[in-house]
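Chain residues, written in single-letter form:
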Amino acid sequence: MKISRILVYCVDLPLKEGTYSFSGGRSIRSYDSTVVRIETDEGLVGYGEVCPLGPAYLPAYAAGVRTGIAELGPHLIGLDPTALGVLNRIMDRHLKGHAYVKSPIDMACWDILGKAAGLSVSTLLGGRQGEAIDCYRAISLDTPERMAESAAAYRAEGYRRFQLKVGSDVGTDIARIEAVTGNSKPGERVVADANGGWLAHEALRVVDAIRGIDIAVEQPCLSYEENLGVRRHTPHPFVLDESIDSPAVLIRALGDRAMDVVNIKISKYGGLTISRQMRDMCVAGGVAVTIEDSGGSDIVTAAITHLAHSTPEQFRFNCSDCNSYLGHGIADGAPRRVGGRIEAPDGPGLGVSPEPARLGDPVMKIE
Ligand code: MG
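Everything quoted here is computed from the prediction, not taken from an experiment.

**Topic: the overall build of the protein**
At step 1: Summing up its helical and strand segments, the protein has 12 helices and 18 strands in all.
At step 2: Scaling as 2.2 N^0.38, a compact globule of 367 residues should have a C-alpha radius of gyration of about 21 Å, and the protein matches this with 20 Å.
At step 3: Referenced to the eigenvectors of the C-alpha coordinate spread, the extents of the protein come out at roughly 60 × 40 × 35 Å.
At step 4: Residue burial in the protein is summarised as follows: out of 367 residues, 59% are buried.
At step 5: Accessible area for the protein stands at about 13700 Å²; split by element, carbon and sulfur atoms hold 51% of it.
At step 6: For the protein, the distance from the average site of its 38 positive side-chain charges to the average site of its 46 negative ones is 2 Å.

In structure tokens, the structure reads:
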């Protein structure tokens, strides 16, 4: 089988809440998502999606996705989409870095592999494990009172896991954590995610002040070394996200026991191929994982659920239902959150069929 054509679509996805805010004064109102359709000479078609969280979150931005695919796409015509290892090596040979550009291509080829084999992507990633997956809800940075109200509203929708955005001034962040966890119910899981917004002295003051609170601390500072320093001064479960940006860094971090949980964002690692490796390395090292992505709609959410559902249940710390943050879907068959839980689709491949009207006309054709 050979890749015969690549179509690229831009999809504008307004956020249901209006605005999503996090540390450093960063906020976004709408996702600028890119959907990739890969066609083959045998008639099988696969879909992938990538959606950076604006241009100032990770080293990724929406226009960069399209520019990168224009650069890389011509090198992929004629390749076998089911030979994922070969495909990834060829992508790396023609474009150094820029993992997020490669993510929707890799994802679409997993979709094709599954359709060719008649198997779901979760089967190909190791097989479905356990029950439905618990989703976390990110609580946008706001006043302590409004964040507590927001968490209560999402609790009423069925969520039992919450990720509070913090990472501004220390006193208000402590108040945010106290306000939200003051209403926590038994069995709930809460994470305070600073997205690298604190300096070490600020992070140390926060973790000391919340010592008695049952909460995990995520990515308090920007650099790996700063986070390692904070980690060694806190008894809280410790999550690393932005700092773990490659398999090489993960190997170092596992050796340092730098965290208890790693957030696996599919696009951060260039797709499902490397994300599965990262997941398996974490499981081998006794470290739990959050399966998520920086943003996106139904295709990203399907990929997340396939990777999460093929992860041993005890290692599933959290999972993101990206498409719940949006006003409407873009694909039939997409996983939809029920209460606070979600399941991977059953069908072959990713199990989703994008609606042509939601994608509009392609902005790029490579053949
Ligand atoms: Mg995070």
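**Let's talk about the sheet that holds strand S1 (residues 3-14)**
Hydrogen bonds along the backbone pair up the strands of a sheet, which may run parallel or antiparallel.
At step 1: Pairing within the open sheet is antiparallel, and its 4 strands lie in the order S5-S4-S1-S18. Two strands close off the open sheet at either side, each with one partner strand: strand S5 (45-50) and strand S18 (364-366). Between one strand and the next, the sheet's axes are offset by a mean angle of 20°, whatever the strand orientation.
At step 2: As paired elements, S1 and strand S4 (residues 30-40) share 11 bridges and run antiparallel to each other. Looking at the pairing, Leu 7 lines up with Arg 37 of S4.
At step 3: On top of the sheet, helix H1 (residues 62-72) reaches S1, S4, S5 and S18; it is set at about 20° to S4, its chief contact.
At step 4: Sheet strands touched by helix H3 (residues 99-117): S1, S4 and S5. Its angle to S5, the strand with the most contacts, is close to 150°.

**Focus: the layout of surface pockets**
At step 1: The space that makes up the largest pocket amounts to roughly 650 Å³.
At step 2: The wall of the largest pocket is formed by 31 residues, among which Pro 59, Ala 99, Asp 245, Lys 268 and Tyr 269 lie closest to the centre.
At step 3: Counting only elements with at least two residues in the lining of the largest pocket, the list comes to helix H2 (84-94) and H3.
At step 4: With 3 residues, H3 is the largest single contributor of residues to the lining of the largest pocket.
At step 5: Here the lining of the largest pocket is built from residues that sort into 13 nonpolar, 11 polar and 7 charged.
At step 6: Shared between two domains, the lining of the largest pocket holds at least three residues of each, these being domain 1 (3-118 + 356-366) and domain 2 (123-353).

**Thoughts on the domain arrangement of the protein**
At step 1: Domain boundaries in the protein define domain 1 (3-118 + 356-366) and domain 2 (123-353).
At step 2: Between the C-alpha centres of domain 1 and domain 2 there is a distance of 22 Å.
At step 3: Each partner contributes to the interface: domain 1 provides 40 residues, whereas domain 2 provides 46 residues.
At step 4: The tally of links between domain 1 and domain 2 comes to 1 salt bridge.

**Let's talk about the coordination of the magnesium ion**
At step 1: Bound to the magnesium ion on the protein side are Asp 193 (OD), Glu 218 (OE) and Asp 241 (OD), at distances that span 2.0 to 2.4 Å.
At step 2: In this structure Glu 218 comes out as buried when scored by relative accessible area, which is 2%.
At step 3: Asp 241 gets classed as buried once you look at its relative accessible area, which sits at 1%.

**A word on the side chain of Asp 298**
At step 1: The residue Asp 298 is located in helix H11 (residues 298-309) in this model.
At step 2: Take Asp 298: its relative accessible area is 0%, and that puts it in the buried class.
At step 3: When residues no more than four places from it in sequence are discounted, the contact partners of Asp 298 are Glu 49, Asn 323, Gly 329, Ile 330, Ala 331, Ala 334, Pro 335, Arg 336 and Val 352.

**Points about the sheet that holds strand S10 (residues 216-218)**
At step 1: On the basis of which strands lie adjacent, the open sheet formed by 8 strands has the order S7-S8-S9-S10-S11-S12-S13-S14 and parallel pairing. Both edges of this open sheet fall to strand S7 (136-139) and strand S14 (316-319), since each of them pairs with a single strand only. On average, adjacent strands in this sheet sit at an angle of 25° to one another, irrespective of strand direction.
At step 2: Note that strand S9 (residues 189-193) and S10 share 3 bridges and pair parallel. Directly across from Asp 193, in S10, lies its bridge partner Glu 218.

**Describing the pattern of salt bridges**
At step 1: According to the stated counting rule, one finds 26 salt bridges in the structure shown.
At step 2: A salt bridge links Lys 268 to Asp 241, with the shortest nitrogen-to-oxygen separation between them at 3.0 Å. Placement of the pair is Lys 268 in the loop between strand S12 (261-265) and helix H10 (272-284) and Asp 241 in the loop between strand S11 (238-240) and helix H9 (247-256), with a sequence separation of 27 residues.
At step 3: For Lys 268, a relative accessible area of 9% corresponds to the buried category.
At step 4: Members of the salt-bridge network, linked through shared partners, are Asp 241, Lys 265, Lys 268 and Glu 292.

**Section: the nonpolar core**
At step 1: With 112 residues, the main nonpolar core has Ile 38, Ile 69, Leu 164, Ile 244, Met 259, Val 262 and Leu 272 as its most contacted residues.
At step 2: A total of 9 residues in this core trace back to one element, the largest contributor, which is H3.
At step 3: Each of two domains, domain 1 (3-118 + 356-366) and domain 2 (123-353), supplies a minimum of three residues to this core.
At step 4: Apart from residues no more than four positions distant in its own chain, Ile 38 is found in contact with Ile 3, Arg 5, Ile 6, Leu 44, Val 45, Gly 46, Ile 105, Ala 108, Cys 109 and Ile 112.
At step 5: Within the second largest apolar cluster, 6 residues are counted, among which are Val 191, Ala 216, Val 239 and Ala 288.

Calculation notes
Residues numbered from 1 in each chain as written. Predicted model: local features only at pLDDT ≥ 70, side-chain atom pairs only at ≥ 80, totals over all residues. Heavy atoms only, no water. Helix = DSSP H or I, 4+ residues; strand = E, 2+ residues; numbered from the N terminus. Rg over C-alpha atoms; globule rule 2.2 N^0.38 Å. Buried < 20%, exposed > 50% of the residue type's maximum accessible area, 1.4 Å probe, protein only. Areas by Shrake-Rupley, 256 points an atom, 1.4 Å probe, with all protein chains shown as cover. Lys, Arg positive; Asp, Glu negative; His and termini not counted. Charge placed at Lys NZ, Arg CZ, Asp CG, Glu CD. Pairing = 2+ DSSP bridges. Axes fitted to C-alpha atoms, helices over the stretch in contact; angles between N-to-C directions. Contact = heavy atoms within 4.5 Å. 1 Å grid on protein atoms, 1.4 Å probe; cavity = no way out; pocket = protein on both sides within 12 Å on 5 of 7 lines; lining within 4 Å. Points joined across faces, edges and corners; volume = space filled by probe spheres on them. Nonpolar A, V, L, I, M, F, W, Y, C, P; charged D, E, K, R; others polar. Domains from an automatic or database assignment. Salt bridge = Lys/Arg side-chain N within 4 Å of Asp/Glu carboxyl O. Donors = N, O, S within 2.8 Å, 3.2 Å for Na, K, Ca; no water. Core = buried A, V, L, I, M, F, W, Y, C linked by side-chain atoms within 4.5 Å.

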